[in-house]
Amino acid sequence: MSTPIRRVGIVGGGQMGAGIAEVCARAGLDTVVAESDADRARAARERVAFSLERAVQRGKLDRGSAEDAQARMVFTGDLDDLADRQLVIEAVVENADVKTGIFTALDKIVEDPEAILASNTSAIPIMRLGMATGRADRVLGLHFFNPVPVLPLVEIVSSLHTTPGTVETMESFVRDTLGKTAIRSQDRSGFVVNALLIPYVLSAIRMAESGYASAADIDAGMVLGCAHPMGPLKLADLIGLDTVAAIAESLYDEFKEPLYAPPPLLQRMVQAGLLGRKSGRGFHLYDRG
């Protein structure tokens, strides 16, 4: 890209989208968050405001910087408000059809032919998203990790069409503008982290499903016996069981390996709306207040 990226758009203001927007605004970028309607846009604004206030209360951010970050963000219910963006990062539900539809729309809306379109997908092939546009060479994956303001990693995922220049621009943006660490991955479902992580999480779910051990004991075993910062089932609750199931299905669709198949217990919990931390109940109980 011939000019530095200063105008960023985020599609989706949920947990991940709000976190990406916060990081961009804290890095001094003009940030627009587009949601599906005005009510969701207001909820996204409140989500970011709460996160910034929490950072201030914990001494991670001073009050002035938090106010400056909020002033750099605009929240809208209209995707057309992303027309002048140099970079748009999609961060909606982990559903291939939904994401593909958004990329098709963004291709028509975003005016700058040099603009880059990125997805925060955890596992969906970037090629599929790129081919929904007329600029597949400028489409790639930017996979952030939750909580975005805290975790330093971003996976950069290139498809067969993504140009080296696009990858290099995004690697520089992630490192020099956002202050995060980038690793590169080829366009295979799950990329680097989830291709390793999800089979581990699914194994823990199968262990709980079979009655081999309780959720509490499985988590305690990995925290106290292997020095993991969080047990696999508490981690699944944090990710969201619906997201874990979606990633597992994408991995299984691509590789057909049994270890990637979502266990029946996981599928039933998703059907029941027991999604983990965000719903108040998953493998553990959470206070939603």
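S.K.: A description of the overall build of the protein chain should follow, citing residues and the corresponding values.
M.R.: From N to C terminus, the protein chain includes 11 helices and eight strands. The C-alpha radius of gyration computed for the protein chain amounts to 19 Å, which stays within 12% of the reference 19 Å derived for 289 residues, consistent with globular compactness. For the protein chain, the C-alpha atoms occupy an extent of roughly 55 × 45 × 35 Å along the three principal directions. With 289 residues in all, the protein chain has 48% of them scored as buried. Across the protein chain, the fraction of contacts at a sequence separation of at least 24, relative to all contacts at a separation of at least 6, is 67%. Carbon and sulfur atoms form 53% of the exposed surface of the protein chain, whose accessible area is close to 13,300 Å². Each charge class in the protein chain can be summarised by its mean position, and for the 30 positive and 37 negative side chains these summaries are 4 Å apart.

S.K.: Describe the sheet that holds strand β8 (residues 181-186), naming the residues involved and giving the relevant values.
M.R.: Spatially, the eight strands line up as an open sheet ordered β3-β2-β1-β4-β5-β6-β7-β8, and their pairing is mixed. For this open sheet the edge positions go to β3 (73-76) and β8, each flanked by a neighbour on one side alone. The mean angle between the axes of side-by-side strands here comes to 25°, regardless of whether they run parallel or antiparallel. Where strand β6 (residues 139-144) lies against strand β7 (residues 153-158), five bridges are found, and the strand directions are antiparallel. If you follow glycine 141 over to β7, its bridge partner there is valine 157.

S.K.: Which residues make up the pairing of strand β4 (residues 87-90), and what values go with them?
M.R.: On β4, burial covers both faces: Leu87 and Ile89 on one face and Val88 and Glu90 on the other are all buried. Bridge count between strand β1 (residues 7-11) and β4: four bridges; the pairing is parallel. When the sheet's bridge partners are listed, valine 8 is paired in β4 with leucine 87. Direction of pairing for β4 relative to strand β5 (residues 116-119): parallel, over a ladder of four bridges. Bridged to glutamate 90 within β5 is serine 119. Following the backbone out of β4, through helix α4 (residues 96-109) and into the adjacent parallel β5, one traces a crossover that is right-handed.

S.K.: Can you tell me about the nonpolar core, naming the residues and giving the values?
M.R.: With 40 residues, the main nonpolar core has Val8, Leu87, Ile89, Leu142, Phe144, Met170 and Phe173 as its most contacted residues. Once you skip the residues sitting within four places of it in the chain, leucine 87 turns out to touch Ile5, Arg7, Val8, Gly9, Ile116, Ala118, Met170 and Phe173. Counting 20 residues, the second-largest nonpolar core is a separate cluster that includes Ala123, Ile205, Ala236 and Phe283.

S.K.: Explain the pattern of salt bridges to me, and be specific about the residues and the numbers.
M.R.: Tallied over the entire structure, the rule returns 13 salt bridges. Linking glutamate 22 and arginine 26 is a salt bridge whose minimum nitrogen-to-oxygen distance equals 2.9 Å. In this pair, glutamate 22 and arginine 26 are both assigned in helix α1 (residues 15-26), four residues apart and thus about one turn of the helix distant. Residue glutamate 22 is classed as buried on the basis of its relative accessible area, which comes to 1%. Taken together, the shared-partner salt bridges connect Asp30, Asp84 and Arg85 into one network.

S.K.: So what's going on with the packing of α1 against helix α2 (residues 38-57)? Which residues, and what values?
M.R.: For any two helices packed against each other, the geometry is given by the interaxial angle and the distance between the axes. Remark: α1 packs on α2, axes separated minimally by 9 Å, with the N-to-C direction vectors making an angle of 60°. As judged from the angle between their axes, α1 and α2 are oblique. Where α1 crosses over α2, the two elements pack in a sense that is right-handed. In this structure, α1 contributes Gln15, Ala18, Glu22 and Arg26 to the contact, and α2 contributes Arg47, Val48, Ser51, Leu52 and Ala55. Its residues assigned to classes, the contact of α1 with α2 comprises four nonpolar, two polar and three charged.

S.K.: Could you give me a rundown of the environment of leucine 197, with the residues and numbers involved?
M.R.: Locating leucine 197 in the fold gives a position in helix α7 (residues 193-209). In sequence terms leucine 197 and proline 232 are 35 residues apart; their C-alpha atoms lie 9.1 Å from each other. Setting aside residues up to four positions removed in sequence, leucine 197 forms contacts with Leu235 and Ile239.

S.K.: Tell me what's going on with α2, and back it up with residues and numbers.
M.R.: The terminal C-alpha atoms of α2, which comprises 20 residues, lie 29 Å apart, in line with the 28 Å expected from a rise of 1.5 Å per residue. Residues of α2 that are buried include every one of Ala41, Ala44, Val48, Ser51, Leu52, Ala55 and Val56, and no others. Viewed end-on, α2 has its buried residues packed into an arc of 145°, placing them on one side of the element. Those residues of α2 that are exposed and angled more than 90 degrees off the buried face are Asp39, Glu46, Phe50 and Gln57. Check the buried side of α2 and you find it contacts α1, α3 (63-71) and β3. Its side-chain oxygen 3.1 Å from the backbone nitrogen of aspartate 39, aspartate 37 forms the N-cap of α2. Just past α2, the residue glycine 59 takes up positive phi, approximately 75°.

What counts as what
- Residues numbered from 1 in each chain as written.
- Predicted model: local features only at pLDDT ≥ 70, side-chain atom pairs only at ≥ 80, totals over all residues.
- Heavy atoms only, no water.
- Helix = DSSP H or I, 4+ residues; strand = E, 2+ residues; numbered from the N terminus.
- Rg over C-alpha atoms; globule rule 2.2 N^0.38 Å.
- Buried < 20%, exposed > 50% of the residue type's maximum accessible area, 1.4 Å probe, protein only.
- Contact = heavy atoms within 4.5 Å.
- Areas by Shrake-Rupley, 256 points an atom, 1.4 Å probe, with all protein chains shown as cover.
- Lys, Arg positive; Asp, Glu negative; His and termini not counted.
- Charge placed at Lys NZ, Arg CZ, Asp CG, Glu CD.
- Pairing = 2+ DSSP bridges.
- Axes fitted to C-alpha atoms, helices over the stretch in contact; angles between N-to-C directions.
- Right-handed = clockwise from strand over helix to strand, strands pointing away.
- Core = buried A, V, L, I, M, F, W, Y, C linked by side-chain atoms within 4.5 Å.
- Salt bridge = Lys/Arg side-chain N within 4 Å of Asp/Glu carboxyl O.
- Parallel < 35°, antiparallel > 145°, perpendicular 65-115°, else oblique.
- Left-handed = near helix turned anticlockwise from the far one by under 90°.
- Nonpolar A, V, L, I, M, F, W, Y, C, P; charged D, E, K, R; others polar.
- Expected span 1.5 Å × (residues − 1).
- Arc of directions from axis to C-beta.
- Polar contact = N/O pair within 3.5 Å; in protein donor to acceptor, adjacent residues only side chain to side chain.

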